[in-house]
Amino acid sequence: MHWVSMLVQLPPEGVASTFASEEACISRFREVRWPGGVLCDRCGAPKPRWLRSREVFECVGCGRQFSVKTGTLLERSRHPLQTWFQAAELLIKRRGSTSSYDLSLEDFESALGLYRPAAVRLRTKLREDLSPGGPCLVGKAVCCNSLELPLGLKPNSPAHCDWLRECAVELGYRFAI
């Protein structure tokens, strides 16, 4: 049910269209990570300066420079957020609509244009982020359509699961039985 819930919250026009630039991905990731505004991860000072040339924030309190990826599973990754967002969409679509775990490594590599070692690391980190109980930071960033649970429907009930599947079918997804 976790995966189907994320599946129906994906943007209908696709992640690549919704977040067409790296700047759009950074903006969305920032909104999800710091809903009350960006805070320094070292001293907690609010409103750091944005250094556009380096795509990092600089704290006005302590001078620390940090990116939206700092302190997350994406830290030290050289892949742009667009790649992470598209990879998350691939995994959510596959896991949400089929009974298999996720895309084969070969499919993952070719869809994202990655070499095997990079694809392995990216997929492993995304599995950790997107799995039930994980931080789901990337998942929350790409799953930007909100769901309104119908009145009287209890979360995590069999009826809730059926409703989510119906939503997914209406969006054009098919399920393996």
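First, a word on what this report is: a plain description of the structure on this page. This one's a predicted model, so the numbers in the text were calculated from it and none came from an experiment.

### Section: the packing of aromatic side chains
According to the stated counting rule, one finds five aromatic pairs in the structure shown. With centroids separated by 5.2 Å and ring planes inclined at 85°, the aromatic side chains of Phe-19 and Phe-85 adopt a geometry described as edge-to-face. Here Phe-19, found in the loop between helix 2 (15-18) and helix 3 (22-33), pairs with Phe-85, found in helix 4 (residues 81-97); they are 66 residues apart in sequence, far enough to count as distant. Just as Phe-19 is buried, Phe-85 falls in that class too. Considering the side-chain rings of Trp-34 and Phe-57, the 5.9 Å spacing of their centres and the 90° angle between planes classify their relative orientation as edge-to-face. Taken together, the residues span a long stretch of sequence, with Trp-34 in the loop between helix 3 and strand 1 (49-51) and Phe-57 in strand 2 (residues 56-58) at a distance of 23 residues. There is no split in this pair, since Trp-34 and Phe-57 are both buried. Through pairs of rings, three or more aromatic residues link up here, namely Trp-34, Trp-50, Phe-57 and Phe-66.

### A look at the side chain of Thr-70
Along the chain, Thr-70 falls in the loop between strand 3 (65-66) and helix 4. Note on Thr-70: relative accessible area 10%, which makes it buried. When neighbours within four sequence positions are excluded, Thr-70 is seen to be in contact with Arg-33, Asp-41, Arg-64 and Glu-75.

### Remarks on unusual backbone geometry
The backbone phi angle of Arg-76 is positive, close to 70°, even though this residue is not glycine. For Arg-76, the position within the fold is in the loop between strand 3 and helix 4. In this structure Arg-76 comes out as exposed when scored by relative accessible area, which is 81%. For Cys-136, which is not a glycine, the phi torsion comes out positive at approximately 55°. Residue position: Cys-136 is located in the loop between helix 6 (116-130) and helix 7 (137-142).

The rules behind each value
- Residues numbered from 1 in each chain as written.
- Predicted model: local features only at pLDDT ≥ 70, side-chain atom pairs only at ≥ 80, totals over all residues.
- Heavy atoms only, no water.
- Phe/Tyr/Trp six-rings, centres within 6.5 Å; stacked < 30°, edge-to-face > 60°.
- Helix = DSSP H or I, 4+ residues; strand = E, 2+ residues; numbered from the N terminus.
- Buried < 20%, exposed > 50% of the residue type's maximum accessible area, 1.4 Å probe, protein only.
- Contact = heavy atoms within 4.5 Å.

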